[in-house]
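# Summary of structural features
Residues per chain, in single letters:
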Amino acid sequence: MTSGRFQQLAHWGAYTAVVENGRLAACEPFARDPAPSPMLAAIPAMVHSPLRVQRPAVRTGWLARRATGGRGADGYVEVSWDRALSLVAEELARVRAERGPEAIFGGSYGWSSAGRFHHARTQVRRFLFSGGGCTDAVGNYSWGAAQFLLPHVIGTHEPVSGRVTDWNSVIGSTRLVIAFGGLALKNGQVTSGGAGAHTMEAWLRRARAAGIAFVVISPDRADTPAFLEAQWLAPRPNTDTALLLGMAHTLLAEGLHARAFLDSHCSGFPTLARYLAGTDDGRPKDADWAAAICGIDAATIRALARQAAATRTLLTMAWALQRAHRGEQPYWALVALAAMLGQIGLPGGGFAFGHGSMNGVGNPRRDVPSPEFPSGPNPAGRAVPVARLTDMLERPGAAFDFNGRRDTYPDIDLVYWAGGNPFHHHQDLNRLVRAWDKPSTIVVHESWWTPAARRADIVLPATTPLERDDIGGSSRDAYLFAMQRAIAPVGAARDDVDIFRELAARAGHEDAFTAGRDTPGWLRELWRRVVEGAGAAGADLPDYDAFVARGWVELPAPARDHVMFEAFRADPAAHPLRTPSGRIELASATIAAFGYADCPPHPAWLAPAEWLGDAAARAFPLHLVTVQPRDRLHSQMDPGPLSQAGKVAGRERLRIHPDDARARGLADGALARVFNRRGACLAGVAVDAAVRPGVVVMATGAWYDPGPDGLERGGNPNVLSLDVGTSSLTQGPSALSVLVEVERWNGAAPAVEAYRPPPLAREDAVPPPARQDDGAPPR
Ligand SMILES: Nc1nc2c(c(=O)[nH]1)N[C@H]1C(S)=C(S)[C@@H](COP(=O)(O)OP(=O)(O)OC[C@H]3O[C@@H](n4cnc5c(=O)[nH]c(N)nc54)[C@H](O)[C@@H]3O)O[C@H]1N2
Ligand SMILES: Nc1nc2c(c(=O)[nH]1)N[C@H]1C(S)=C(S)[C@@H](COP(=O)(O)OP(=O)(O)OC[C@H]3O[C@@H](n4cnc5c(=O)[nH]c(N)nc54)[C@H](O)[C@@H]3O)O[C@H]1N2
Ligand SMILES: [Mo]
């Protein structure tokens, strides 16, 4: 395998891998993609990066004396696969025998590959489940609060996890789109599972050409493509609930609410109406009340409510808004406002989520099952909300509330992570570092020396998608891809599945893990299931060999536009929602019965722990909004050329309003220190009038790089973010509720060290990895 062209797929798009002399030379975008992501160009440098984990490696302090301290500081000893696998197998066996399966944390959150068979999180969970189970994680960082709130309100979380009303329906019928959190094209580069076609910009342009008016509500005007000619309203961050309630009050006060729809399709409106009117607390939630909280003037709030009531209006909200303290409330308030407008279930009306969050939201969806590798049931039967990671490690045995249940945290002794980067995704990283010291053993599979890998005791080198065959595709996209192995494994890297197969064999559960299939066998089986499901939906797909030879298939378009809740609207008795009342619940008896002070039984304004109206804002007067990066996927490819080209003063960019910059003596390109009580990082200043005064914006994903004094050098904003659950109901991440101060950094600029591998030594007697000229690892 020296030269050739191979079909490949990443979350940021499909491409042809052009291989010359065994190396990836270029990534040519999929020919049918109207708007390929520039991120494709960063792949070759990453795949052949000096940061690749070449061989299994064991942290020196752990190898010498099982020391847990030293994670992140120690060097590593490279060992043979046999030695590394023995160490992992022994530790798993020890912890299972001494502490039980729940002492192993295998939640392993993260995005790993677009290929669905080699999806590392699925593989690690299947491996641990088949070996007796582990403590798992539930929910996600993307829309975890919505996932557990929406079923109480509308009986499903499908509008965040699956489909919303199709763009075709919106373009045909909608006159006004109000987009909370904006419609940032940067986010449209990414689809979970990868996309053949980036369609977000084309849909937005068509919508604008159809004469739809856009109002964008975001603290950052950069969330609004200029061609939309949108009205921009910039609230204080985390105050959208007040804005929505103010609009709802206007509808109520002016008799513009859809009484008939509220009577026939909703339950609990009288409770919400009492709250809006201020019957019990003496505080009407009118536009003046809302204006004082959100910073948008009352006349504008009233006018927007009237405008929405006068025409076919789609309310859509970015996922970011629920990734904040009390993040349930803006989502519930959006549903309530849409219910009061009475257009739910009409073409182009009602509410939606995520149009500004990811590519493919609103794409027509095919009734074809996506390829999926099953992880199976967890015999340990134990899981924690994913964003409670540090709490769990810190406080074994402590009780926590979650969605009506009271549970306790398990006592974790072994952490197993494959396909995620907790030192990217988790909040308050300095706290995580301390909690991370607790478990005896941490095992990570990684392709690169990421911050998570260099905080593990045993690091096993994993192949990248370019080094293996797979099947990929997203249910939000029209294509499925056969991902073709393009290059030989780099160094001694192995596929995650082969590592797990070997470990399962040593522990005696290989058959349960493999179900008797090798990788080619599983790929055929996954494709067989897709073809079977497609056949049931009336679509004819080619057999596996034809699919692999071609590299991709296009799925047939659905026969008609999907309109969310169309059937429910037409006949709520025949098509009830899966809520207790069968209706949209604007007040929930279920949530009321939970008795949570931090999640009342109807949408309500609850001040987040940190926001600009808070007294603490005197010490830390700026709200830090951490957004998805425009030039990488989370922390993936941060060392690569595209991400590095976007740095300012060698660190992550901090965007700040000119007034706030001037008050701090900060000029464009300056180095700044961003800090609060939880931590501090360096950042490069970009003065930008598109940001609301009082707000600073940083992208997530700079590789965590704490210096000896604790100052984070690369600009990772998660050293600043708040690590508490959204509420007792959903326990999601509150990543977007963060106050900070920014000052000029006058000291010497410390070098960023995260982009170098840790010190590596070779264990005596370890032979160099065998040359594998045919590129195939021993299977
Ligand atoms: N402050 C703040 N924090 C946030 C957010 C925010 O908005 N603000 N957003 C949150 C959100 S929405 C998300 S989804 C998370 C994302 O958090 P993560 O998904 O943890 O972030 P990634 O950087 O994508 O990490 C994926 C890791 O998997 C590795 N990987 C890829 N493929 C493979 C494979 O085949 N095998 C193995 N073994 N490893 C592989 C990659 O090298 C990479 O290190 O971050 C969250 N964190
Ligand atoms: N390029 C790129 N695209 C991505 C990703 C990536 O890493 N890179 N990650 C993908 C993933 S995993 C996910 S989950 C999605 C996440 O999708 P989102 O969570 O929607 O994306 P964000 O960029 O975090 O936030 C969207 C916008 O919301 C605005 N915003 C933040 N707080 C508030 C607020 O309180 N009120 C209002 N009105 N607006 C607010 C911000 O200005 C921000 O630009 O993105 C996906 N898309
Ligand atoms: Mo996400």
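These remarks concern the structure in this document. Just so it is clear, the model here is predicted, and its values are computed rather than measured. (Residues numbered from 1 in each chain as written. Chains lettered and ligands numbered in written order. Predicted model: local features only at pLDDT ≥ 70, side-chain atom pairs only at ≥ 80, totals over all residues. Heavy atoms only, no water.)

A tally of regular secondary structure across the chain gives 25 helices and 30 strands. Against the compact-globule benchmark of 28 Å for 779 residues, the chain has a radius of gyration of 26 Å, which places it among compact chains. Taking all 779 residues of the chain together, 64% fall into the buried category. For the chain, the exposed area adds up to about 26,100 Å²; of that, 51% sits on carbon and sulfur atoms. Taking the average location of the 80 positive side-chain charges in the chain and that of its 80 negative ones, the two points are 2 Å from each other. (Helix = DSSP H or I, 4+ residues; strand = E, 2+ residues; numbered from the N terminus. Rg over C-alpha atoms; globule rule 2.2 N^0.38 Å. Buried < 20%, exposed > 50% of the residue type's maximum accessible area, 1.4 Å probe, protein only. Areas by Shrake-Rupley, 256 points an atom, 1.4 Å probe, with all protein chains shown as cover. Lys, Arg positive; Asp, Glu negative; His and termini not counted. Charge placed at Lys NZ, Arg CZ, Asp CG, Glu CD.)

All right, on to the state of the cysteines then. Tallied over the full model, the rule gives 0 disulfides. Here Cys266 is not cross-linked by a disulfide; its sulfur's nearest cysteine counterpart is in Cys599, at 18 Å. Of the residues examined, Cys266 reaches a relative accessible area of 4% and is grouped as buried. (Disulfide = S-S within 2.5 Å.)

Taken together, 30 residues form the shell around ligand 2, and within it Asp223, Asn238, Asp240, Ser357 and Pro629 come nearest. Ser218 is positioned with one of its side-chain polar atoms (N or O) 3.3 Å from an oxygen atom of ligand 2. For ligand 2, whose accessible area on its own is 910 Å², the fraction buried by protein is 99%. Split by residue class, the shell around ligand 2 holds 15 nonpolar, 9 polar and 6 charged. (Near = heavy atom within 4 Å. Polar contact = N/O pair within 3.5 Å; in protein donor to acceptor, adjacent residues only side chain to side chain. Nonpolar A, V, L, I, M, F, W, Y, C, P; charged D, E, K, R; others polar.)

You can see Ala26 is positioned in strand S3 (residues 23-29). For Ala26, a relative accessible area of 28% puts it in the partly exposed group. Through-space distance from the C-alpha of Ala26 to that of Leu276 is 58 Å; in sequence the pair is 250 residues apart. The contacts of Ala26, once residues within four sequence positions are left out, are Thr16, Ala17, Val18 and Pro44. (Contact = heavy atoms within 4.5 Å.)

On to helix H5 (residues 144-154), then. Burial analysis of H5 places 10 of its 11 residues in the buried class, which makes it a mostly covered element. For H5, the full list of buried residues reads Gly144, Ala145, Ala146, Gln147, Phe148, Leu149, Leu150, His152, Val153 and Ile154. Immediately downstream of H5, the backbone of Gly155 shows phi near 80°, a positive value.

This part covers the site of ligand 1. Near ligand 1 there are 31 residues, and of these His425, Glu446, Arg468, Ser635 and Asn718 occur at the shortest range. Taking Gln636, its side chain carries an N or O atom lying 2.7 Å from an oxygen atom of ligand 1. The contact in question runs from a nitrogen atom of ligand 1 to an N or O atom on the side chain of Asn718, over 2.7 Å. Burial of ligand 1 by the surrounding chains reaches 98%, relative to a free accessible area of 920 Å². Breaking the shell around ligand 1 down by element, the ones donating at least two residues are helix H16 (422-425) and strand S18 (441-446). For the shell around ligand 1, a count of residues per class yields 8 nonpolar, 19 polar and 4 charged.

We now examine the nonpolar core. Core analysis: the biggest nonpolar cluster contains 171 residues, and Ile43, Ile178, Phe351, Phe353 and Ile584 have the highest contact counts within it. Every residue in contact with Ile178, bar those within four places of it in the chain, is listed here: Val215, Ile217, Met247, Leu304, Ala308, Thr313, Leu314, Leu315 and Thr316. Grouped together as the second largest cluster of nonpolar side chains are 52 residues, Ala84, Leu87, Leu128 and Ile471 included. (Core = buried A, V, L, I, M, F, W, Y, C linked by side-chain atoms within 4.5 Å.)

What follows concerns empty space enclosed by the protein. This model, assessed by the stated rule, comprises 6 cavities of 30 Å³ or more. Taken as a whole, the second largest cavity spans an internal volume of roughly 60 Å³. Lining the second largest cavity we find Arg366, Val368, Pro369, Ser370, Ser474, Ser475, Asp477, Leu480 and Leu555. Taken together, the residues that form the lining of the second largest cavity break down as 4 nonpolar, 3 polar and 2 charged. (1 Å grid on protein atoms, 1.4 Å probe; cavity = no way out; pocket = protein on both sides within 12 Å on 5 of 7 lines; lining within 4 Å. Points joined across faces, edges and corners; volume = space filled by probe spheres on them.)

For the rest of this paragraph, the subject is the pairing of strand S15 (residues 399-402). The two faces of S15 differ: Phe400 and Phe402 on one face are buried, but Ala399 and Asp401 on the other face are not. Direction of pairing for S15 relative to strand S16 (residues 405-408): antiparallel, over a ladder of 4 bridges. Looking at S16, one finds that Ala399 is bridged to Thr408. Once S15 ends, the chain turns through 2 residues before running back antiparallel as S16, passing Asn403 with a positive phi of about 50°. (Pairing = 2+ DSSP bridges.)

Scanning all chains against the criterion turns up 31 aromatic pairs. Ring plane angle 80° and centroid distance 5.2 Å describe the contact between Phe30 and Tyr479, whose orientation is recorded as edge-to-face. Here Phe30, found in the loop between S3 and helix H1 (43-47), pairs with Tyr479, found in strand S21 (residues 479-483); they are 449 residues apart in sequence, far enough to count as distant. The pair Phe30 / Tyr479 is uniform in exposure class, with both members buried. An angle of 20° between the planes, with centres 4.9 Å apart, marks the rings of Phe127 and Phe500 as stacked. Of this pair, Phe127 sits in helix H4 (residues 120-130) while Phe500 sits in helix H18 (residues 496-507); the two residues are 373 residues apart in sequence, bridging distant segments of the chain. As far as burial versus exposure is concerned, Phe127 and Phe500 are alike and both buried. Connected via pairs of aromatic rings, a cluster forms that spans Phe105, Trp417, Phe423, Trp436 and Tyr704. In this arrangement the basic side chain of Arg66 is found over the ring face of Trp62, its NZ or CZ atom lying 3.8 Å from the centre. (Phe/Tyr/Trp six-rings, centres within 6.5 Å; stacked < 30°, edge-to-face > 60°. Lys NZ or Arg CZ within 6 Å of the ring centre and 35° of its normal.)

A few words on the pattern of salt bridges. Inspection of the entire model under this criterion finds 58 salt bridges. A salt bridge links Asp220 to Arg655, with the shortest nitrogen-to-oxygen separation between them at 2.7 Å. Residue Asp220 is found in the loop between strand S9 (213-217) and strand S10 (231-233), and its partner Arg655 is found in strand S25 (residues 653-656); the two are separated by 435 residues along the sequence. One exposure class covers both Asp220 and Arg655, and it is buried. In this structure, Glu502 and Arg506 form a salt bridge, with 3.1 Å as the shortest nitrogen-oxygen distance. Highlighted residues: Glu502 and Arg506, both in helix H18, separated by 4 residues, approximately one helical turn. Here Glu502 falls in the partly exposed class, since its relative accessible area comes to 31%. Assessed through its relative accessible area of 34%, Arg506 is described here as partly exposed. Salt bridges sharing common partners tie together Glu91, Arg94, Glu98, Arg99, Asp411, Asp413 and Lys438. (Salt bridge = Lys/Arg side-chain N within 4 Å of Asp/Glu carboxyl O.)

Within the open sheet, the 3 strands sit side by side as S1-S2-S3. Their pairing is antiparallel. Sheet topology places strand S1 (4-10) and S3 at the edges, where each strand pairs with a single neighbour. The average undirected angle you get between the axes of adjacent strands in this sheet is 35°. (Axes fitted to C-alpha atoms, helices over the stretch in contact; angles between N-to-C directions.)

Below, the discussion takes up the sheet that holds strand S27 (residues 680-687). With mixed pairing, 6 strands are arranged side by side around a closed barrel as S24-S28-S25-S27-S26-S29. In this sheet, neighbouring strand axes are inclined to one another by 45° on average, regardless of whether the strands run parallel or antiparallel. Judged from the 4 bridges that link them, strand S26 (residues 671-675) and strand S29 (residues 739-744) form a sheet pairing that is antiparallel. Of the residues in S29, the one forming a bridge with Ala672 is Arg744.

Now for the packing of helix H3 (residues 81-99) against H18. Closest axis-to-axis distance for the H3/H18 pair is 10 Å, and the angle between their directions is 60°. Relative to H18, the element H3 is oriented oblique. Relative to H18, H3 is oriented so that their crossing is right-handed. Touching Trp81, Asp82, Leu85, Ser86, Val88 and Ala89 of H3 are Ile499, Glu502, Leu503 and Arg506, all from H18. Counted by class, the contact of H3 with H18 contains 6 nonpolar, 1 polar and 3 charged residues. (Parallel < 35°, antiparallel > 145°, perpendicular 65-115°, else oblique. Left-handed = near helix turned anticlockwise from the far one by under 90°.)

Function-wise, these values are silent; they only describe arrangement.
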